[in-house]
Amino acid sequence: MSHKREQFITKGYCLFNNIINSQMLVELRKVTDKVLSMQDISHFKRQQTTGSMVLIDWEMAYRYNVMAKFISHPKMLGALAELGFNDPKFGHGRIISKPPHSPPLYWHEDGRFWGDPVSYTSQPIQCFLMVYLTDTTPKNGCLRVIPGSHLKRHPLHDQVPSKQNEAIATYANPEDIVFQRAEGVVDLPMKAGDLVIGYATLFHSAHSNQSDQIRTVLTMWYYPDFVNLPEPSQASVADQERAGGFNQIDTVSLQSTTQALMEPLRIAYKGNAAPIQSQWTPGMGLK
Ligand SMILES: O=C(O)CCC(=O)C(=O)O
């Protein structure tokens, strides 16, 4: 097993340097700044701890060609291949942009597949691929993670709400456990254009942004081993991405160059297995 794959499985995340070059970073910043400027002021008021939470769906990938190039970037897919995933699928993503002098992001994990027995094994159902568009440090809101929390129960599993609520999103109570330093935490400062891949079930959060500059991350959720998942898991993934409206796009009328990039990443399940109901918190199977 490669060193990177071993680290990914045991710690739950893995870093890859210099994945997105400076020219693409400039283009991505242009698009994210534009999309952020189109958001209503109430969006930012509701999202104080994330900063913003703008959906990156397939439609956005088709509207802004650089998004499609980013999602299907040979180095992004190459990093997944290095971890042993040669036929990944893409779900959706978010533009998460912390304004200057904004609060920390709360402890959470993105998993909603805890009803699926696969979530209690080392085979990932869903992973995040995060690329920061600026260099990050603990001062301007770098990522922090709890290594191993994707496979081992952590006290936070029994302390944080399963889904974000209004009080957490608006930082109503800075003393809330979700904002505190957690046992086993590791900071992950990164250079702009580096990539971190992690299990969606890994506990993570981000420091406050105490700098005078905006700090933007693109979080993209892939299903790295979709083709090897059991059928009920495939059905659940397809169902949840469809239910979220993330994967619905009329491919007939679309630009063929973008389509050629995106089509291999499309989630498709044509069997008869019933989807497993979504579940946001782990059961007792997580020891
Ligand atoms: O804002 C960040 O640095 C992390 C974003 C995050 O936690 C997420 O996308 O789930």
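Here, the structure is the one placed above.
Residues numbered from 1 in each chain as written. Predicted model: local features only at pLDDT ≥ 70, side-chain atom pairs only at ≥ 80, totals over all residues. Heavy atoms only, no water.

All right, on to the packing of aromatic side chains then. Where two aromatic rings form a pair, the distance of their centres and the angle of their planes describe that pair. Taken as a whole, this structure holds 7 aromatic pairs when the rule is applied. Their ring planes at 75 degrees and their centres at 6.1 Å tell us that F8 and F85 sit as a pair that is edge-to-face. Taken together, the positions of F8 in helix α1 (residues 3-11) and F85 in the loop between α6 (74-82) and β3 (89-98) put the pair 77 residues apart, joining distant regions of the chain. Residue F8 is classed as buried on the basis of its relative accessible area, which comes to 0%. Of the residues examined, F85 reaches a relative accessible area of 4% and is grouped as buried. Geometrically, the ring pair formed by Y171 and F179 is edge-to-face, given 4.7 Å between the ring centres and 85 degrees between the ring planes. Look at Y171 and you get partly exposed, because its relative accessible area is 25%. The ring of F16 has K4 sitting right over it, with the charged end atom 5.0 Å from the ring centre. (Phe/Tyr/Trp six-rings, centres within 6.5 Å; stacked < 30°, edge-to-face > 60°. Helix = DSSP H or I, 4+ residues; strand = E, 2+ residues; numbered from the N terminus. Buried < 20%, exposed > 50% of the residue type's maximum accessible area, 1.4 Å probe, protein only. Lys NZ or Arg CZ within 6 Å of the ring centre and 35° of its normal.)

Around the ligand, the neighbouring residues are I96, L105, H108, D110, M130, Y132, L143, H204, A206, R215, V217 and T219. With respect to the ligand, the side chain of H108 contributes an N or O atom lying 3.0 Å from an oxygen atom. When isolated, the ligand has an accessible area of 290 Å², and the protein chains bury 97% of it. Going through the elements one at a time, β4 (105-108), β5 (127-132), β9 (204-206) and β10 (215-223) are the ones with two or more residues in the shell around the ligand. For the shell around the ligand, the leading source of residues is β10, giving 3 residues. When grouped by side-chain class, the residues that make up the shell around the ligand number 7 nonpolar, 3 polar and 2 charged. (Near = heavy atom within 4 Å. Polar contact = N/O pair within 3.5 Å; in protein donor to acceptor, adjacent residues only side chain to side chain. Areas by Shrake-Rupley, 256 points an atom, 1.4 Å probe, with all protein chains shown as cover. Nonpolar A, V, L, I, M, F, W, Y, C, P; charged D, E, K, R; others polar.)

On to the sheet that holds strand β8 (residues 195-199). If you walk across this open sheet you meet the 6 strands as β1-β8-β5-β10-β3-β2, and the pairing is antiparallel. Edge positions in the sheet fall to β1 (13-16) and β2 (54-56), since each of these pairs with one other strand and no more. In this sheet, neighbouring strand axes are inclined to one another by 20 degrees on average, regardless of whether the strands run parallel or antiparallel. One ladder, built from 4 bridges, connects β5 with β8; its direction is antiparallel. Paired with M130 across the two strands is V196, which belongs to β8. Across the sheet, α1 touches β1, β5 and β8, and the angle it forms with β1 is around 140 degrees. (Pairing = 2+ DSSP bridges. Axes fitted to C-alpha atoms, helices over the stretch in contact; angles between N-to-C directions. Contact = heavy atoms within 4.5 Å.)

Within the secondary structure, K98 is located in strand β3. The class for K98 is buried, based on a relative accessible area of 1%. Sequence-wise, K98 and V217 are 119 residues apart; in three dimensions their C-alpha atoms are separated by 8.6 Å. In this structure K98 touches T49, T50, G51, P103, P104, L105, A206, H207, N209, Q213, I214 and R215, once residues within four positions along its chain are discounted.

Pairing is possible between side chains that carry opposite charge, provided their charged atoms lie close to one another. Across all of its chains, the model carries 7 salt bridges by this definition. Salt-bridge contacts for R63 lead to E59; the nearest nitrogen and oxygen are separated by 3.2 Å. Of this pair, R63 and E59 both sit in helix α4 (residues 58-63), 4 residues apart, which is roughly one turn of that helix. Owing to a relative accessible area of 48%, R63 belongs among the partly exposed residues under this scheme. (Salt bridge = Lys/Arg side-chain N within 4 Å of Asp/Glu carboxyl O.)

Turning next to the nonpolar core. M67, F70 and I197 are the most contacted members of the largest nonpolar core, which has 44 residues in total. Broken down by element, the residue count for this core peaks at 6 residues, all from helix α2 (residues 22-37). In this structure M67 touches L28, V31, T32, I56, M60, A61 and L218, once residues within four positions along its chain are discounted. (Core = buried A, V, L, I, M, F, W, Y, C linked by side-chain atoms within 4.5 Å.)

Taken together, 4 strands build an open sheet; the order of strands is β4-β9-β6-β7 and the sheet is antiparallel. Whereas interior strands pair on both sides, the edge strands pair on one side only; in this sheet they are β4 and β7 (186-188). Averaged over all adjacent pairs, the angle separating strand axes in this sheet is 25 degrees, with direction ignored.

Once that is clear, we can look at helix α8 (residues 231-243). Counted at 1.5 Å a residue, the expected span for α8 with its 13 residues is 18 Å, and the 18 Å between its end C-alpha atoms agrees. Here α8 has its buried residues at S233, Q234, A235, S236, V237, A238, Q240 and E241. The secondary structure elements touched by the buried residues of α8 are β3 and β10. In the stretch just after α8, G245 is the one whose phi turns positive, near 75 degrees. (Expected span 1.5 Å × (residues − 1).)

Let us now look at unusual backbone geometry. Even without being a glycine, N18 presents a positive backbone phi close to 50 degrees. Take N18: it is sitting in the loop between β1 and α2. You will see that Y171, though not glycine, has its phi angle at about 60 degrees, which is positive.

On their own, these measurements won't tell you what the molecule is for.
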